[in-house]
Amino acid sequence: MPAYSTNMRLKFPIVALALEIITIILFAVFAVYDDGKTWHSASHCGSELTSLLTSPVFQDVHVMIFIGFGFLMTFLKRYGFSSVGINLLLAAFGLQWGLLMQGIWHMDHGKIKVNIFKIINADFSTATVLISFGAVLGKTSPVQLLIMTILEITIFSINEHLVASILKANDVGASMIIHAYGAYFGLAVARVLYRPGLRNGHENDGSVYHSDMFAMIGTVFLWMFWPSFNSAIADPGYTQLTAVINTYLSLAACVLSAYAISSLVEHKGKLDMVHIQNATLAGGVAVGTCADMNIEPFGAMLIGLLAGVISTLGFKYLTPMLASNLGIQDTCGVHNLHGMPGILGGLAGVVAAAMGKKKNATASMQAAALASSIGFALVGGAITGLIMKLPIWGQPPDQNCFDDSIYWEVPQEEEENEGSLVHADHSKNKAEA
Amino acid sequence: MPAYSTNMRLKFPIVALALEIITIILFAVFAVYDDGKTWHSASHCGSELTSLLTSPVFQDVHVMIFIGFGFLMTFLKRYGFSSVGINLLLAAFGLQWGLLMQGIWHMDHGKIKVNIFKIINADFSTATVLISFGAVLGKTSPVQLLIMTILEITIFSINEHLVASILKANDVGASMIIHAYGAYFGLAVARVLYRPGLRNGHENDGSVYHSDMFAMIGTVFLWMFWPSFNSAIADPGYTQLTAVINTYLSLAACVLSAYAISSLVEHKGKLDMVHIQNATLAGGVAVGTCADMNIEPFGAMLIGLLAGVISTLGFKYLTPMLASNLGIQDTCGVHNLHGMPGILGGLAGVVAAAMGKKKNATASMQAAALASSIGFALVGGAITGLIMKLPIWGQPPDQNCFDDSIYWEVPQEEEENEGSLVHADHSKNKAEA
Amino acid sequence: MPAYSTNMRLKFPIVALALEIITIILFAVFAVYDDGKTWHSASHCGSELTSLLTSPVFQDVHVMIFIGFGFLMTFLKRYGFSSVGINLLLAAFGLQWGLLMQGIWHMDHGKIKVNIFKIINADFSTATVLISFGAVLGKTSPVQLLIMTILEITIFSINEHLVASILKANDVGASMIIHAYGAYFGLAVARVLYRPGLRNGHENDGSVYHSDMFAMIGTVFLWMFWPSFNSAIADPGYTQLTAVINTYLSLAACVLSAYAISSLVEHKGKLDMVHIQNATLAGGVAVGTCADMNIEPFGAMLIGLLAGVISTLGFKYLTPMLASNLGIQDTCGVHNLHGMPGILGGLAGVVAAAMGKKKNATASMQAAALASSIGFALVGGAITGLIMKLPIWGQPPDQNCFDDSIYWEVPQEEEENEGSLVHADHSKNKAEA
């Protein structure tokens, strides 16, 4: 390995503070509170109600972003601080940046009017980054990830504008513009950052009992609040209710198929935590695009059932192949949770539109939206990966991948003996040599 | 022990997929979205608001079912994967089955119209199964538990219909139809599945420090959202507010009495985590039936205070007696958290009805509802237990009870030495011998 | 050490039950359900909506109190049971006591009318105690802490009444009346309870890997729901939305500065979990007083940025100085999370009022409110500390500080060898000697 410096002492504070100060200046110039003159008229009951009504959905999405994604990635045995901590960092910066990037497409007299819907959408934009983070988890520095955040959200907002305003495609639960986009963006970055030294695995690239338990906190919160995610920007009333019900049922069916296939493909019929933590969520991804369409409850359940099967099989068979044959090292298997189910969701939307399940939706525009999302992801991810690959951002050497102690002060473990309190320090030494 | 096969490779996937496919077919035949023609009229503000308004309560109940019940049971040292994972499996299947079973009593032109209230009630129906799961935790296979789920929810929906529509009894927070029913159903199953080999305990039937911490996640989420549980189906407005306040105050009073009694009965006045994790919730159970009645704030607090005392004493003295004298091995002590407090709640409802605290409620119908709930539970549980006892469902041998590694791939622990990475494999070998 | 008895067997149950029974009697005399005659008129849509609308905010605040504060304090390696368990005890008692103490200032025909706003405010009042708990964490007995709860909430309600009704100052997010008050009250108590024996640290006054992960659950839930905290009692509509947006943005900016400064001041640029767990929240505290003012989004972000810097530097440099020079041993560093950011919030309110950012707010009344809050805190905390210092409340000897096993039955650890299952018992012996 080249002797990269992983010391973040100046690089990271300068990058983080500079980005924040630039962002604050942009907010000072462009951002104002929404005075509600536009959105009041949509409500029967006046502004007081509208702003309050939306807030539970906002909080549900917020929980998915910060607890859901953050804890889902804590399954690695020595990477919990980074998983939940860097998730917080990226999402906190990303939501500010997303507010700006999405806002510039909807300016009003040169101003971005901030309201509840805008901050829900800002949270959404960060989800793309957190998905991509899963693909490169354990192999990137905080500075690299902040760079990824800026670029991925900027490109996301272009694709989102194209899909929603130009193509006028439906993607209420964002199977295409968030999940497929985030997954393929991350896989492109992972491909560019390919590490031959990790070809034969890494001792820290795995879970322990308690880290799997922490990850289940993330899984279950994502699973529970996915109906809010898929319905957050749906038209209030019947349409929104449809999105809630479809997502609720798709996820429920997906759990059964994920468990069944996990048992079927594993040693002696045992369940595998990786599948349970991830594939049970594929139903939420896959029903996203047509969540607000009249696909009927059983239609949603079929999508969920299929998503659970595809996702579990992907973890078992496809991820190892991608790593060994294509050089795509996908730490969290985002291809199985977000990539393939996202494409499935996009295709389901094409079929549903062709069957007339949603007024004004056309199959061709749906297909174009899917192609656009994957295209922007692959090209954007590759370019971003090349920038991240510059050897100045403090990326970890192979032997220190998947180890918090390279970027965090890590306490010594209680189970270690007095005489052997050297593990954490030892790994520090490796990193700083 | 007979040489049961605990290999789930074919049994579990076949059962799980078959159940899910049958369920999807039934949904295709019977389930449609509620077009709101009925429930719109109840609202002052139109359909948009009604569907949104209900959703925070739905999400609170959802959190109780999946995080609350799931993590509450993770206190066992080697059974966390099963507790939270099988909880997810049973609830995901149960909510679909519950939607069907509850729906057939309220068909409209031969269709079950799915809406927010129906999915809240579907979540409720799964709570009965999760309570019973606590009684047999660690001693049953996933296939056995899926069978229990079908039967318990089917019988629940009959009793619920009887109590609500025939007897017209009040049970807004479901002390009787969920808590007492779920507890006595589970105890009946546990009695039928009695394992003499566990008479002297089992080394894995206990907690470790971190597993107790995970369980507190479940406890606190249940505790916090119980006001939503008890008010979810109350009439909006004053009645619902009453249910929230009564539950909030009953739970608060219950914490004080549970802590006090725990300290009083334990070695040197120390607090016992089993009591704190469970008995602090008994106030929510016990105030359920009369949560929406005018029992006054201090009445709710008295119920909570008493529930905390009864529940803690039950854990300390009654559970060991039930195990040694009656052959009822109640892993989580559901008799103390749901059984006795559920009966207390039912009796409180009888008294409150007799005192005229709720319009149209009569003491005799309340008493009949309590008797019906316990009767259905005991008979239904006994029959279900006999079916579950058939030696073909992959139940674990005694020595592998309370151990995830019999049904799960369990990672090796970080604290184990390189030379002794045999613990998990060793326990696997025992199970598969 | 004097031979204190730490045996809680009679003291704790008697105190806890006596307090609860007195509280129930007071509720029986004074508390009734709010019949809504007052608050209905405020709503456009009738009572049904109003009571429902408020409940998601109530639940968010509830989560912050019980999960947020509870888990935030679980970072200590051997003090997780106490952190989350005693947090539950104090908050459960505190909310009942707070309902009474706040209610007596707003009686209606001699009755306290309980409604959603009153129970949100009751939750708020407990936050002061939980902040102070952080300052004395690990060094106090449950009985001492119950005494602190009564006195602190009683004094809080006087100061709150003074600030809100006499001074008519603005403090929507309670930077002054909760955060600064709670912090300086706790620091005054900690000063009075100064333990010279802990001058050189304590082996249990630190974290382990998993305890830091549990603490992050608290951090992230506090971080996510802070917009609800700061907007819970804001006027519905535009004002409430402003409070949500300001808090959301202040917290996001605060994350960036807390991470940057943590890296800047730590060994080799590494991040320190103590800073991440705490300083990322300072933006929520500091923006509290002017959350509902027209400070513009960038103004909120500047406040958050500054709070993150001050808080992180406080943890690094000020806390050790306070301990060594002033005898203030602040276990959780509440001075950095609640104290200084609370003062910053109060001062920001003075400036914003002077700039006319809030109708009817005056700089002088804002300044008086800040001074009053700190004054009541310091005097009230000192008196409370003196009462807590009486050697009859079962406080732990120095060597048993920061150790659950003195007040809890603690399970033996899985990683310990069969032959050495003596650790927990050993520490018990120390405590009881």
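Higher on the page you've got the structure.
Because the structure is a prediction, the values reported are computed rather than measured.

Undergrad: What is the right way to read the overall build of chain A from this model?
TA: Counting its secondary structure elements, chain A contains 14 helices and two strands. Sequence separation of 24 or more characterises 82% of the internal contacts of chain A that already satisfy a separation of 6 or more. Accessible area for chain A stands at about 12,700 Å²; split by element, carbon and sulfur atoms hold 65% of it.

Undergrad: Looking at this structure, how should I read the relation of the copies chain A and chain C?
TA: The pair of chain copies shares a relation made of a rotation about an axis and a shift along it. By a simple turn and slide, chain A fits onto chain C: the slide is 0.0 Å along the axis, the RMSD is 0.0 Å, and the turn is 120°. The symmetry that links the two subunits is that of a three-fold axis.

Undergrad: Got a minute to help me understand the interface of chain A and chain C in this structure?
TA: When the parts of a complex come together, some accessible area is lost, and that lost area is often taken as the interface size. Taken together, the contacts link 75 residues of chain A with 66 residues of chain C. Regarding the contact of chain A and chain C, the summed buried area is about 6,300 Å², with carbon and sulfur atoms giving 74% of it. On the surface where chain A and chain C come into contact, there are zero salt bridges. Joining chain A to chain C, the criterion identifies 15 residue pairs in polar contact (both at pLDDT 80 or more). At the level of secondary structure, the elements contributing two or more residues to the side of chain A that touches chain C comprise helix H1 (11–30), strand S1 (31–33), helix H2 (47–72), helix H3 (80–103), helix H4 (116–136), helix H7 (209–231) and helix H14 (423–432) of chain A. Per-element accounting of the side of chain A that touches chain C gives the leading share, 14 residues, to H2 of chain A.

Undergrad: What exactly am I supposed to notice about the packing of aromatic side chains here?
TA: Aromatic ring pairs: the centre-centre distance and the angle between the two ring planes describe each pair. Inspection of the entire model under this criterion finds 42 aromatic pairs over all chains. Ring geometry for Phe-66 of chain A and Trp-223 of chain C: centres 4.5 Å apart, planes at 45°, overall tilted. Of the two residues, Phe-66 of chain A sits in helix H2 while Trp-223 of chain C sits in helix H7 (residues 209–231), which places them in two different chains. With a relative accessible area of 2%, Trp-223 of chain C lands in the buried category.

Undergrad: Even after reading the chapter, I still don't get the side chain of Ser-250 of chain C, so can you show me in this structure?
TA: Turning to its location among the elements, Ser-250 of chain C is positioned in helix H8 (residues 238–265). Leaving out residues up to four positions away in the same chain, Ser-250 of chain C has contacts with Gly-283, Gly-284, Val-287, Ala-300, Met-301, Ile-303 and Gly-304 of chain C.

Undergrad: It is not clear to me how the interface of chain B and chain C should be interpreted in this structure. Could you clarify?
TA: Listed as interface residues are 67 residues of chain B and, on the opposing side, 75 residues of chain C. Summing both sides of the interface, chain B and chain C together bury roughly 6,300 Å²; the carbon and sulfur share of this comes to 74%. Where chain B touches chain C, the interface holds zero salt bridges. Summed over the shared surface of chain B and chain C, the result is 15 residue pairs in polar contact (both at pLDDT 80 or more). Counting residues per element, the ones that place at least two in the side of chain B that touches chain C are helix H2 (47–72), helix H7 (209–231), helix H8 (238–265), helix H9 (273–278) and helix H11 (296–326) of chain B. A total of 20 residues in the side of chain B that touches chain C trace back to one element, the largest contributor, which is H8 of chain B. The residue inventory of the side of chain B that touches chain C, partitioned by class, reads 42 nonpolar, 14 polar and 11 charged.

Undergrad: Is there a simple way to explain the packing of H3 of chain A against H8 of chain C in this structure?
TA: When two helices pack together, their arrangement is captured by the angle between the axes and the distance separating the axes. At a minimum axis separation of 9 Å, H3 of chain A and H8 of chain C run at an interaxial angle of 130°. With respect to their mutual orientation, H3 of chain A and H8 of chain C come out oblique. For the pair H3 of chain A and H8 of chain C, the crossing hand works out as left-handed. On H8 of chain C, the residues that touch Gly-85, Ile-86, Leu-88, Leu-89, Ala-92, Phe-93, Leu-95, Gln-96 and Leu-99 of chain A of H3 of chain A are Tyr-248, Leu-249, Ala-252, Ala-253, Val-255, Leu-256 and Tyr-259 of chain C.

Undergrad: Teacher, can you tell me more about a nonpolar patch on the surface here?
TA: Judged by side-chain polarity, Leu-378, Val-379, Ile-383, Ile-387, Leu-390 and Ile-392 of chain A come together as a nonpolar surface patch covering roughly 500 Å² of accessible area. The exposure class of Val-379 of chain A is exposed, given its relative accessible area of 53%.

Undergrad: How do you make sense of the pattern of salt bridges when you look at a structure like this?
TA: Two side chains that carry opposite charge are able to pair once their charged atoms sit near each other. Inspection of the entire model under this criterion finds 15 salt bridges over all chains. Here Asp-292 of chain A ties to Lys-358 of chain A by a salt bridge, and the two come within 3.0 Å at their closest N and O atoms. Taken together, the residues span a long stretch of sequence, with Asp-292 of chain A in the loop between helix H10 (282–286) and helix H11 (296–326) and Lys-358 of chain A in the loop between helix H12 (334–354) and helix H13 (363–389) at a distance of 66 residues. Since its relative accessible area comes to 10%, Asp-292 of chain A is described here as buried. Residue Asp-35 of chain B pairs with Lys-113 of chain B through a salt bridge whose shortest N-O separation is 3.5 Å. Here Lys-113 of chain B lies in strand S2 (residues 112–114) and Asp-35 of chain B lies in the loop between strand S1 (31–33) and H2, a separation of 78 residues in the sequence. For Asp-35 of chain B, a relative accessible area of 31% translates into the label partly exposed.

Undergrad: Whenever I open this one, the relation of the copies chain B and chain C confuses me. Can you help?
TA: Taken as rigid bodies, chain B and chain C are interconverted by a rotation of 120° and an axial shift of 0.0 Å, the fit giving an RMSD of 0.0 Å. Of the residues that chain B buries at the interface, just 16% are likewise interface residues in chain C, meaning the two copies contact each other through different surfaces.

Undergrad: Teacher, can you tell me more about the state of the cysteines here?
TA: Here is the idea: a disulfide is a covalent bond, and it sits between the sulfur atoms of two cysteines. Residues and elements named next belong to chain C. Counting across every chain of the model gives zero disulfides over all chains. The structure places no disulfide on Cys-254, whose sulfur is separated from the nearest cysteine sulfur, that of Cys-290, by 14 Å. Among the residues examined, Cys-254 registers a relative accessible area of 0% and is labelled buried.

Undergrad: Would you explain unusual backbone geometry in this entry?
TA: With glycine set apart, most residues show a phi of negative sign, and most peptide bonds adopt trans. Residues other than glycine seldom take positive phi values, yet Glu-296 of chain A does so here, at roughly 70°. Along the chain, Glu-296 of chain A turns up in helix H11. Even without being a glycine, Phe-402 of chain B presents a positive backbone phi close to 60°. Along the polypeptide, Phe-402 of chain B turns up in the loop between helix H13 (363–389) and helix H14 (423–432). Relative accessible area serves as the criterion here: at 3%, Phe-402 of chain B is assigned to the buried category.

What counts and how
- Residues numbered from 1 in each chain as written.
- Chains lettered and ligands numbered in written order.
- Predicted model: local features only at pLDDT ≥ 70, side-chain atom pairs only at ≥ 80, totals over all residues.
- Heavy atoms only, no water.
- Helix = DSSP H or I, 4+ residues; strand = E, 2+ residues; numbered from the N terminus.
- Contact = heavy atoms within 4.5 Å.
- Areas by Shrake-Rupley, 256 points an atom, 1.4 Å probe, with all protein chains shown as cover.
- Least-squares fit on C-alpha atoms with pLDDT ≥ 70 in both.
- Buried area = accessible area lost by both parts, 1.4 Å probe.
- Salt bridge = Lys/Arg side-chain N within 4 Å of Asp/Glu carboxyl O.
- Polar contact = N/O pair within 3.5 Å; in protein donor to acceptor, adjacent residues only side chain to side chain.
- Phe/Tyr/Trp six-rings, centres within 6.5 Å; stacked < 30°, edge-to-face > 60°.
- Buried < 20%, exposed > 50% of the residue type's maximum accessible area, 1.4 Å probe, protein only.
- Nonpolar A, V, L, I, M, F, W, Y, C, P; charged D, E, K, R; others polar.
- Axes fitted to C-alpha atoms, helices over the stretch in contact; angles between N-to-C directions.
- Parallel < 35°, antiparallel > 145°, perpendicular 65-115°, else oblique.
- Left-handed = near helix turned anticlockwise from the far one by under 90°.
- Patch = residues over 30% accessible without salt bridge, like charges linked within 9 Å, V, L, I, M, F, W, Y side chains within 5 Å.
- Disulfide = S-S within 2.5 Å.

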